[in-house]
Amino acid sequence: MIPPAPHDPREREVVTTLGAWEVRQFPASDAKLTYFTPRGFLHLQLWHAATETSILTPSRLTRGVYEIADGEGVRIGARRWHDVAGVVAAPVPGAAELAALERWLVTRHEPAEIRLLRAWWAAGRPERERTRA
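What you see is a predicted model; the values in this text were computed from it and never measured.

With that settled, consider the overall build of the chain. Scanning the chain for helices and strands turns up 4 helices and 7 strands. Reading the chain from its N end, one meets helices and strands in the order β-β-α-β-β-β-β-α-α-α-β. Computed over C-alpha atoms, the radius of gyration of the chain comes to 14 Å, within 12% of the 14 Å expected from 2.2 N^0.38 for 133 residues, which places it in the range of a compact globule. Reported as C-alpha extents along the three principal axes, the dimensions of the chain are approximately 35 × 35 × 30 Å. In the chain, which comprises 133 residues, the share counted as buried stands at 44%. Taking all contacts inside the chain whose residues are at least 6 apart in sequence as the whole, residues at least 24 apart take part in 49%. Computing the positive centroid from 18 side-chain charges and the negative centroid from 16, the chain places the two 5 Å apart.

Here it is in structure tokens:
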């Protein structure tokens, strides 16, 4: 079962893979990419098809946390990348690999004030949250 938006992987295209994880981003022609970038909503999606697990990287869309979702609509917010590994059934990519991809595919396109906001999130994200979509 595919998780609902914003975790639906069909909304994005595969830009690379990290092991069994697909790294997905909006296509260059998608209006969401143009809209999200200057507003701090831009993020990467990691999609693990075998477990139907989606992870969105921190953005204003996820209130500055990593958001994990499964095909049943359960969403969990994780404050730090190492917290994600404790929640997800499949082994996750390394933090350094993910940080490099975020720099190349997200933060280099954003204005300075959004990069500052990302630094603030990284320094003091709120504790985990559980919600049901």
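The side-chain alternation of strand β4 (residues 53-56) yields two buried faces, one formed by T53 and I55 and the other by S54 and L56. Hairpin remark: strand β3 (residues 45-48) followed by β4, antiparallel, with 4 residues in the connecting loop; positive phi at E52, about 55 degrees. In terms of strand pairing, β4 meets strand β5 (residues 66-70) through 4 bridges, oriented antiparallel. When the bridges of β5 are listed, S54 appears paired with A69.

On to the nonpolar core. W21, L46, I55, Y66, I68, A78, W81, V84, V88, A90 and L98 form the largest nonpolar core, which has 11 residues in total. Every element with two or more residues in this core is listed here: β5 and α2 (81-85). Aside from chain neighbours lying at most four places away, what touches W81 is L46, I55, Y66, V92, P93, G94, A95 and L98. With 9 residues, the next largest nonpolar core counts L18, F26, L44 and V106 among its residues.

Next up on the list: the confidence of the model for the chain. In the predicted model, the chain carries a mean pLDDT of 90, and the fraction of residues at 70 or more is 92%. For residues 125-133, every residue scores under 50 in pLDDT, and the model assigns this stretch 28 contacts once sequence neighbours within four places are set aside.

In this fold, G64 is placed in the loop between β4 and β5. Sequence separation between G64 and A31 is 33 residues, and the spatial gap between their C-alpha atoms is 22 Å.

This part is about the pattern of salt bridges. One pass over the structure, following the stated rule, counts 5 salt bridges. Across the pair D8 and R10 runs a salt bridge, and its minimum N-O distance is 2.8 Å. D8 sits in the buried class, given a relative accessible area of 12%. For E110, the salt bridge is made with R118, and the minimal N-O distance between the two is 2.7 Å. A residue is classified by how much of its surface remains accessible, and E110, at 3% relative accessible area, is buried. Assessed through its relative accessible area of 10%, R118 is described here as buried.

It is worth spelling out the environment of L101 at this point. Tracing the chain through its elements places L101 in helix α3 (residues 95-105). Under the relative-accessibility criterion, L101 is labelled buried at 10%. Here the alpha-carbon distance between L101 and T16, two residues 85 residues apart in the chain, equals 9.3 Å. For L101, the contacting residues outside a window of four places in its chain are T16, L18, V23, L44 and V106.

Thresholds applied
One numbering rule holds for all chains: residues counted from 1, following each sequence as written. Totals for whole chains, interfaces and linings use every residue, but because this is a predicted model, local features are given only for residues with pLDDT of at least 70 and side-chain atom pairs only at 80 or more, for both listing and counting. Side-chain metrics in this entry use all non-hydrogen atoms of the structure; hydrogen atoms and water are not considered. For helices the rule is a DSSP run of H or I covering at least 4 residues; for strands it is a run of E covering at least 2, with both sets numbered from the N terminus onward. Throughout, the radius of gyration refers to the C-alpha atoms, and the reference size of a globule is 2.2 Å times the residue count to the power 0.38. Exposure is judged per residue with a 1.4 Å probe applied to protein chains only, and the accessible area is read against the type maximum: over 50% gives exposed, under 20% gives buried, and values in between give partly exposed. Residue contacts are counted whenever heavy atoms from the two residues lie within 4.5 Å of one another. Neither His nor the chain ends contribute to the count of charged residues, in which Lys and Arg are positive and Asp and Glu negative. Every charge is mapped onto a representative atom, which is NZ of Lys, CZ of Arg, CG of Asp or CD of Glu. Pairing between strands is defined by DSSP: at least two bridges between the two strands are required. We call a set of buried Ala, Val, Leu, Ile, Met, Phe, Trp, Tyr and Cys residues a nonpolar core when their side-chain atoms join them within 4.5 Å. Confidence scores per residue from the predictor, reported as pLDDT, run from 0 to 100. Criterion for a salt bridge: a side-chain nitrogen of Lys or Arg within 4 Å of a carboxyl oxygen of Asp or Glu.

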